[in-house]
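# Working through the structure, step by step
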Amino acid sequence: MKAKEIREKNENELKKDLVEMRNKLAKMRFDISGKQVKNHREFRKLKKDIARILTILKTQKT
């Protein structure tokens, strides 16, 4: 997800997306440890998307 797309969403949508991504990240951690996931790059991408959302949420509050 691009930063521009994230900025277009309102705060409630961002919080909802954040919860979804964190749940997906937790599931992916277990799948990676069980060697059920072959695409590890998706894990890294998900972490960066979470960081982008958190950064934009903080900048919108100020």
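Our subject is the structure listed above.
The following paragraphs examine the structure supplied in this document.

The next subject is the overall build of the chain. Scanning the chain for helices and strands turns up three helices and zero strands. The N-to-C order of helical and strand elements in the chain reads α-α-α. Every one of the 62 residues in the chain was classed for burial, and the buried ones make up 26%. The contacts of the chain with a sequence gap of at least 6 include a subset with a gap of at least 24, amounting to 65%.

We now examine the environment of Glu11. Turning to its location among the elements, Glu11 is positioned in helix H2 (residues 11–33). The exposure class of Glu11 is partly exposed, given its relative accessible area of 34%. Apart from the residues lying within four places of it in its own chain, the contact partners of Glu11 are Leu57 and Lys61.

Further remarks concern helix H3 (residues 41–61). Taking 1.5 Å of rise per residue, the 21 residues of H3 would be expected to cover 30 Å, and the 31 Å separating its terminal C-alpha atoms lies within 8% of that figure. Within H3 the residues assigned to the buried category are Phe43, Leu46, Asp49, Ile50, Ile53, Ile56 and Leu57. Looking straight down H3, one finds its buried side chains confined to an arc of 155°; they lie on one side. Turned more than 90 degrees away from the buried face of H3, the exposed residues are Arg41, Arg44, Lys58 and Thr59. Along its buried surface, H3 packs onto helix H1 (3–8) and H2.

H3 packs onto H2 with a crossing angle of 155° between their chain directions and a minimal axis gap of 10 Å. In terms of their interaxial angle, H2 and H3 are classed as roughly antiparallel. In this structure, H2 meets H3 at a crossing whose hand is left-handed. Within the contact between the two elements, H2 uses Glu11, Leu14, Lys15, Asp17, Leu18, Met21, Arg22, Lys24, Leu25, Met28, Arg29 and Ile32 and H3 uses Glu42, Phe43, Leu46, Lys47, Asp49, Ile50, Ile53, Leu54, Ile56, Leu57, Gln60 and Lys61. Broken down by class, the residue content of the contact of H2 with H3 amounts to 13 nonpolar, one polar and 10 charged.

Rules used in this analysis
- Position labels on residues start from 1 in each chain and follow its written sequence.
- Under the rules for a predicted model, residues below a pLDDT of 70 receive no local features and side-chain atom pairs below 80 are neither given nor counted, while totals for whole chains, interfaces and linings still include all residues.
- Each side-chain value is derived from all of the structure's non-hydrogen atoms; neither hydrogens nor water enter the calculation.
- Only DSSP runs of H or I covering at least 4 residues are called helices, and only runs of E covering at least 2 are called strands; the numbering of each starts at the N terminus.
- Accessible area is worked out with a 1.4 Å probe on protein chains only. A residue is then buried under 20% of its type maximum, exposed over 50%, and partly exposed in between.
- The contact criterion used is simple: two residues touch if any of their non-hydrogen atoms lie within 4.5 Å.
- The span expected for a helix works out to 1.5 Å for each residue beyond the first.
- When we speak of the arc, we mean the arc of directions from the helix axis to the C-beta atoms.
- Structural elements are reduced to axes, namely lines fitted to C-alpha atoms, with helices fitted over the stretch in contact, and the angle between N-to-C directions of any two is expressed from 0 to 180 degrees.
- Comment on the angle field: the value is read as roughly parallel under 35 degrees, roughly antiparallel over 145, roughly perpendicular from 65 to 115, and oblique elsewhere.
- By definition, turning the near helix anticlockwise from the far helix through less than a right angle yields a left-handed crossing, and turning it clockwise yields a right-handed one.
- Gly is put with the polar residues, along with every residue not named as nonpolar or charged; the nonpolar set is Ala, Val, Leu, Ile, Met, Phe, Trp, Tyr, Cys and Pro, and the charged set is Asp, Glu, Lys and Arg.

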